[in-house]
Amino acid sequence: MNTDRVAQLLLGWYSLHYRPLPWRTEPTPYHVWVSEIMLQQTRIEAALPYYRRFITALPDVESLASAPEDRLLKLWEGLGYYSRARNLQKAAKVLVSEYGGQLPADYDHLLSLPGIGAYTAGAIASIAYSIPVPAVDGNVMRVLARLTDNHTDVLSTEGKRVFTDLAWQLVPEREPGRFNQALMELGETICVPGTPRCSQCPLQDECAAYKNGCADQLPVRIKKVDRRVEHRTVALVRVENSPPAVLLHRRPDTGLLAGLWELPNTLDEDPLCSLPPEIAAMCKTVEALPAAKHLFSHIEWRLSGSMYSIPTLTTLPDSYQIATLAELHTAYPLPGAFRAYTALFPRLLDEES
Ligand code: SF4
């Protein structure tokens, strides 16, 4: 990717297509700050009337710092996330006492203020003070992931680092604020989530994902799933038939792994509780099974248990079956959840053992 050309194309496009929002037409540090905080969880169209009302009522850092809290919260009423308003005022008080009522023209000092993170500090520094630092939000990460056809998960710490590094390389010395706004605007209006509008995009010739035909698959977002952890104990029972066999259980016809064969297992600490009492009574413990783990979409099984042996079985209760090594391969394939234990079958069911 030619970074100079990307900046040139993007700035040219922005001159023609930017939306003349009040914090853009009059980009004082205070205006940029208030607008960026409002836009953190609110769409532009919804934030506009609030922004106008807020700036009219509290036009500068001093008036914000000294506003009674109920007046401040009234101005914020309807925007939600009231901690944003409280942090604005906290930071305004710091600005009055330590910075003469001005927002500092320094990225690190901005970052040290309550409620100001890397994105907001970057936006204020670049837009209001023309400091060449990036402002990386979700829109910007999406555009960068597509421009470079980078499949790193944007929700991961690694993804944030990768795309922030990339943004640092891209932001130009000249007009960094307009560049950052152009990148955000492109993400909001053209390089949108889902299917991007590549035919209208000024960066089409520079875009790796467009060339590779995978723009709609980016960015990669891997959501962390909250899984319920179940500690299950497994009874791996060798039946001393000839040839030897292993005892299996058939799961119910509904629910997880419905109708599949499995190694008997239970939520009880004692694996023998997974067996019919008459079979459990015959079990002789051979050795402990190694611990194992298996992830389903919403459940995590943490497995442990024991290996047992029992003499020949002549009758079997409903839902139980025995299978030789050959039958396990052909007729009773077990779910992957038991992989750690099915790996023991060749040793366990070897006729010579
Ligand atoms: S060409 Fe398409 S995918 Fe690439 S930056 Fe433009 S809109 Fe996004």
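The structure under discussion appears in the preceding block.
Everything in this summary refers to the structure shown in the same document. None of the values given here were measured: they were computed from a predicted structure. (Residues numbered from 1 in each chain as written. Predicted model: local features only at pLDDT ≥ 70, side-chain atom pairs only at ≥ 80, totals over all residues. Heavy atoms only, no water.)

Looking at the largest pocket, its volume works out to about 560 Å³. Lining the largest pocket are 24 residues, with Leu39, Ile44, Asp137, Asn139 and Glu188 sitting closest to its centre. Contributing elements (two or more residues each) for the lining of the largest pocket: helix H2 (22-25), helix H4 (44-57), helix H9 (118-129), helix H10 (138-147) and helix H12 (176-189). In terms of residue count, H12 provides more of the lining of the largest pocket than any other element does, five residues in total. Looking at the lining of the largest pocket residue by residue, the classes come out as eight nonpolar, eight polar and eight charged. The space that makes up the second largest pocket amounts to roughly 190 Å³. Around the second largest pocket, the lining comprises 14 residues; the ones closest to its centre are Gly138, Arg142, Val154, Pro219 and Arg221. The element that contributes the greatest number of residues to the lining of the second largest pocket is H10, accounting for five residues. For the lining of the second largest pocket, the residue count by class is six nonpolar, three polar and five charged. (1 Å grid on protein atoms, 1.4 Å probe; cavity = no way out; pocket = protein on both sides within 12 Å on 5 of 7 lines; lining within 4 Å. Points joined across faces, edges and corners; volume = space filled by probe spheres on them. Helix = DSSP H or I, 4+ residues; strand = E, 2+ residues; numbered from the N terminus. Nonpolar A, V, L, I, M, F, W, Y, C, P; charged D, E, K, R; others polar.)

Moving on, we come to the packing of helix H6 (residues 69-76) against helix H7 (residues 83-98). Axis separation between H6 and H7 bottoms out at 10 Å; the angle between their running directions is 130°. Relative to H7, the element H6 lies oblique. Two packed elements cross with a definite hand, and for H6 against H7 that hand is right-handed. Facing H6, whose interface residues are Glu69, Leu72, Leu73 and Trp76, H7 presents Arg84, Ala85, Arg86, Leu88 and Gln89. When the residues that make up the contact of H6 with H7 are grouped by side-chain class, the tally is five nonpolar, one polar and three charged. (Axes fitted to C-alpha atoms, helices over the stretch in contact; angles between N-to-C directions. Parallel < 35°, antiparallel > 145°, perpendicular 65-115°, else oblique. Left-handed = near helix turned anticlockwise from the far one by under 90°. Contact = heavy atoms within 4.5 Å.)

This part takes up the environment of Leu267. Mapped onto the elements, Leu267 comes out in the loop between strand E4 (265-266) and helix H14 (277-280). For Leu267, a relative accessible area of 54% gives the class exposed. Separated by 137 residues in sequence, Leu267 and Ser130 place their C-alpha atoms 61 Å apart. For Leu267, the residues in contact, after removing those within four places along its chain, are Glu230, His231 and Arg232. (Buried < 20%, exposed > 50% of the residue type's maximum accessible area, 1.4 Å probe, protein only.)

Okay, the site of the ligand next. In the vicinity of the ligand, the contacting residues are Arg146, Ile190, Cys191, Pro196, Cys198, Cys201, Gln204, Cys207, Tyr210 and Ala215. Most atoms of the ligand, that is more than half of them, are within 2 Å of grid points of the largest cavity. Of the residues in the shell around the ligand, the class split is eight nonpolar, one polar and one charged. (Near = heavy atom within 4 Å. Sits in = over half its atoms within 2 Å of the grid points.)

Our next topic: the packing of aromatic side chains. Scanning all chains against the criterion turns up eight aromatic pairs. With 5.0 Å between their ring centres and 75° between their planes, Trp23 and Tyr51 make a pair best called edge-to-face. One end of the pair, Trp23, is in helix H2; the other, Tyr51, is in helix H4, with 28 residues separating them in the sequence. In this pair, the class of Trp23 matches that of Tyr51, namely buried. Among the aromatic residues, those joined into a cluster by ring pairs are Phe296, Trp301 and Phe338. (Phe/Tyr/Trp six-rings, centres within 6.5 Å; stacked < 30°, edge-to-face > 60°.)

All right, on to the nonpolar core then. Counting 78 residues, the largest nonpolar core has Tyr30, Trp33, Phe54, Leu64, Leu144 and Leu186 as its most contacted members. The contact partners of Leu144, leaving out residues within four places of it in the chain, are Phe163, Leu166, Ala167, Leu170 and Leu183. Of all hydrophobic cores here, the second largest spans 25 residues; its members include Leu248, Trp261, Ala337 and Phe338. (Core = buried A, V, L, I, M, F, W, Y, C linked by side-chain atoms within 4.5 Å.)

What follows covers H9. Helical geometry note: an α-helix holds 3.6 residues per turn, so side chains three or four residues apart project in the same direction. Over its 12 residues, H9 extends 15 Å from the first C-alpha to the last, a length consistent with the 16 Å expected when each residue adds 1.5 Å. Burial analysis of H9 places nine of its 12 residues in the buried class, the great majority of the element. For H9, every residue scored as buried is listed here: Tyr119, Thr120, Ala121, Gly122, Ala123, Ile124, Ala125, Ser126 and Ile127. Downstream of H9 by one or two residues, Ser130 has phi in the positive range, about 55°. (Expected span 1.5 Å × (residues − 1).)

Here Leu218 and Pro219 are connected by a cis peptide whose omega angle stands at 0°. As for its position among the elements, Pro219 is in the loop between helix H13 (208-212) and strand E1 (228-239). Omega for the peptide link from Ser242 to Pro243 comes to 0°, which places this bond in the cis form. With respect to the helices, strands and loops of the structure, Pro243 is situated in the loop between E1 and strand E2 (245-250).

Attention shifts here to the side chain of Arg146. Among the structural elements, Arg146 can be located in helix H10. Despite being buried, Arg146 has no salt bridge partner; Asp216 is the closest side chain of opposite charge, sitting 7.3 Å away. A polar side-chain atom of Arg146 sits 3.3 Å from the main-chain carbonyl oxygen of Cys191. Among residues more than four places away in sequence, those in contact with Arg146 are Cys191, Val192, Pro193, Gly194, Pro196, Cys207, Ala208, Ala209, Ala215 and Leu218. (Lys, Arg positive; Asp, Glu negative; His and termini not counted. Salt bridge = Lys/Arg side-chain N within 4 Å of Asp/Glu carboxyl O. Polar contact = N/O pair within 3.5 Å; in protein donor to acceptor, adjacent residues only side chain to side chain.)

On to empty space enclosed by the protein, then. The rolling of a water-molecule-sized probe over the atoms marks out the regions of remaining empty space. Inspection of every chain in the model, using the stated rule, returns one cavity of 30 Å³ or more. Of the volumes computed, that of the largest cavity is approximately 120 Å³. Around the largest cavity sit 14 residues that line it, and Arg146, Cys191, Cys198, Cys201 and Cys207 are the ones nearest its centre. Looking at the lining of the largest cavity element by element, the count peaks at three residues for H10. In the lining of the largest cavity, the residues fall into 12 nonpolar, one polar and one charged.

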